[in-house]
Amino acid sequence: MGFVDGEEIGNSNGNSNLSEFQLGTKNKYKRMDSEVTEEDVSSQNRSYDTKKFVFACAIFASLNSVLLGYDVGVMSGAILFIQEDLKISEVQEEVLVGILSIISLLGSLAGGKTSDAIGRKWTIGIAAIVFQTGAAIMALAPSFGVLIIGRLLAGIGIGFGVMIAPVYIAEISPAVARGSLTSFPEIFVNLGILLGYISNYAFSGLPVHLSWRVMLGVGILPSVFIGFALFVIPESPRWLVTQNRVEEARVVLSKTNDSEREAEERLKEILQAAGMANAEKYETKAVWREILKPSPSVRRMLITGCGIQCFQQMTGIDATVYYSPTIFKEAGIQGKNQLLAATVAVGFTKTLFILVAISLIDKVGRKPLLYVSTIGMTTCLFGLSLTLAFLGNVKVGIMLAILAVCGNVAFFSVGIGPVCWVVSSEIFPLRLRAQASALGAVGSRVSSGVVAMSFLSVSRAITVAGTFFVFSLISALSVAFVHNCVPETKGKSLEQIEMLFQSEIEWQGGEVELADAERLVQQE
């Protein structure tokens, strides 16, 4: 709006209340209103272009996550045909399923150092190349041994991918949209899982020796899009600053912020966080020394980041996804086609509710979603254990089991699934971010591997129902962890979040952070 001497002469739509003024001054007011409108339009156009650019970067950076999700989803069905074709034992089945998560810790650890050395962008490329090599070997494997070799390579590639994508997106995103954008990798994981389930169902009619090879081989296709993405996305401005490439960082920030002034403010914050004022270089040994012998604030960050990563997997989500055919078979569903069709329903549910989380994460905050998620998962896991224990092989039991599994993945996707990666990628200071995030990803992958590699054995010892009862107890513990150890970070810049952990009161005081975040959003 334009005001002269306290009177309104126009509105935001460019329509002037000119009739209220004298004719002699009409042109004057009209010119002023026109100038303001042109500025507003220019600002809106830039804001729109900025949002499109950051959105595209987040999508391209998340493509590796499709590979992880597809592998998880497709293996749940492919293992049925691999077992029949290669005559593998139950223990070999557990190893084949779980080894990917265990070996991915090597990729996650190497990913932190690699991304600090060559940049976030090209680390995404390395992840894709290594995974695709492993996927090709698996599709052509003539024996269990060769299949494991391909699985190992795929696991290393996944380790790189799950570590670097959230870090990259968090470092290029503006604070007000960082939560939803950093959740993109989780969206693509869920999309990959759904595609894996659909692939299982679509190719289940092929001959046994061919079906699982086609299922695994289709996962190679996303590499084309990842190769294209590397020529579109920019390097992380925060990584560029650590390499003393300040001008390049300024160019990237001008593309990812709504105004030059805002870009300069972000650059100033990054320079201060990186310690560029005195031109210090933080060596890798010093980084690991600070992580292994942390200060109180870094210790709080590690507890939050690594803890939420471990709880995400210890509640049994990968067991639910990998072994959903086994769960439904225990409930009473017979026949491979029926089992695989039921898993497709799980995949659709998981993907649908991740979209709900993305729409809410920057509006209601991280912590409320975590509460809803962990409490809901605890309820569904406990209900599933009761259903399998007392209502197996009856129609109502089958329906309740499907409902409980779908409810579990829905609550996972609406909260701890995406929020875990958001929080763990935004809480660490710049000098530690890559390595500490890698450490958190290692905790996630190890927890996932332990669950996946032990599920069948534990289920045989204490029944499937007993196993999910244990998962429900772990999920209940995650509620307490969220309450005590996860602060609200909505609306804060990465540098402001770092200051949250300086005080134990702010670290544990969820309501304080929520109010603080709202003030920060208003200031923005």
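What comes next is a walk through the structure. Not measured: the values here are computed from a predicted model.

### Brief notes about the overall build of the protein chain
Secondary structure summary: the protein chain contains 24 helices and 2 strands in total. Within the protein chain, the proportion of its 524 residues that are buried is 56%. Considering only intrachain contacts with a sequence separation of at least 6, the fraction spanning at least 24 residues in the protein chain is 80%. Only carbon and sulfur atoms are counted for the fraction: they give 64% of the accessible area of the protein chain, which is about 21300 Å².

### Let's talk about the nonpolar core
Among the nonpolar cores identified, the biggest contains 119 residues, and F455 and F468 are the most heavily contacted of them. Broken down by element, this core gets its largest block of residues, 17 residues, from helix α21 (residues 430-485). With near-sequence residues (within four places) excluded, F455 lies in contact with E94, A319, Y323, I327, V464, T467, F468 and F471. Residues W239, V252, L253 and L430 belong to the second largest nonpolar core, which totals 10 residues.

### A short note on the environment of T378
With respect to the helices and strands, T378 occurs in helix α18 (residues 366-390). Each C-alpha atom of the pair T378 and A476 lies 5.7 Å from the other, and the pair is 98 residues apart in sequence. Each residue touching T378, except ones within four places of it in the same chain, is listed here: S472, S475, A476 and V479.

### Details of unusual backbone geometry
You will see that K87, though not glycine, has its phi angle at about 55°, which is positive. On the secondary structure map, K87 appears in the loop between α2 (63-86) and α3 (90-118). Residue classification places K87 among the exposed residues on the basis of a relative accessible area of 65%. A positive phi angle is found at N244, which is not glycine, with a value near 65°. Within the secondary structure, N244 is located in the loop between α10 (237-242) and α11 (246-256). Overall, N244 belongs to the exposed group, its relative accessible area being 52%.

### Observations concerning the packing of aromatic side chains
Across all of its chains, the model carries 7 aromatic pairs by this definition. Ring geometry for F382 versus F469: centroids 6.1 Å apart, planes at 50°, classification tilted. With F382 in helix α18 and F469 in helix α21, the pair connects residues that are 87 residues apart, well separated along the chain. Relative accessible area serves as the criterion here: at 39%, F382 is assigned to the partly exposed category. For F469, a relative accessible area of 38% puts it in the partly exposed group. Consider the rings of F455 and F468, whose centres lie 5.9 Å apart with planes at 70°: the pair is edge-to-face.

### Remarks on the packing of α18 against helix α19 (residues 395-414)
Here α18 crosses α19 at 160°, and the two axes come no closer than 8 Å. Taken together, the axes of α18 and α19 are roughly antiparallel relative to one another. In this structure, α18 meets α19 at a crossing whose hand is left-handed. On α19, the residues that touch L369, V372, S373, G376, M377, C380, L381, L384 and T387 of α18 are G397, L400, A401, A404, V405, G407, N408, F411, F412 and V414. Across the contact of α18 with α19, the residue classes break down as 13 nonpolar, 6 polar and no charged.

The rules we used
In this convention, every chain numbers its residues from 1, walking through the sequence in written order. With the structure being a predicted model, the display of local features is reserved for residues of pLDDT at least 70 and the display and counting of side-chain atom pairs for 80 or more, all residues being used for whole-chain, interface and lining totals. Heavy atoms from the whole structure form the basis of all side-chain values; hydrogens and water molecules are not counted. Put simply, DSSP marks the helices as runs of H or I at least four residues long and the strands as runs of E at least two long, and each gets a number from the N terminus on. The buried label goes to any residue with under 20% of its type's maximum accessible area, the exposed label to any with over 50%, and the partly exposed label to all in between, with areas taken from a 1.4 Å probe on protein chains only. Contact criterion: two residues are considered in contact whenever any of their non-hydrogen atoms come within 4.5 Å of each other. Accessibility throughout is a Shrake-Rupley quantity obtained with a 1.4 Å probe, and a residue counts as covered only by protein chains that appear here. Only buried residues count toward a nonpolar core, which is a set of Ala, Val, Leu, Ile, Met, Phe, Trp, Tyr and Cys residues joined through side-chain atoms within 4.5 Å. For Phe, Tyr and Trp, rings pair up if their centres lie within 6.5 Å, where Trp contributes its six-membered ring, and each pair is then called stacked (planes under 30 degrees apart), edge-to-face (over 60) or tilted (otherwise). Fitted lines through C-alpha atoms give the axes, limited to the stretch in contact for helices. The angle between two N-to-C directions lies from 0 to 180 degrees. Orientation labels follow simple angle bins: below 35 degrees gives roughly parallel, above 145 gives roughly antiparallel, 65 to 115 gives roughly perpendicular, and whatever is left gives oblique. The sense of a crossing depends on the near helix, which, turned anticlockwise from the far helix by less than a right angle, makes the crossing left-handed and, turned clockwise, makes it right-handed. Under the grouping applied here, Gly and all other residues not named as nonpolar or charged are polar, the nonpolar ones being Ala, Val, Leu, Ile, Met, Phe, Trp, Tyr, Cys and Pro and the charged ones Asp, Glu, Lys and Arg.

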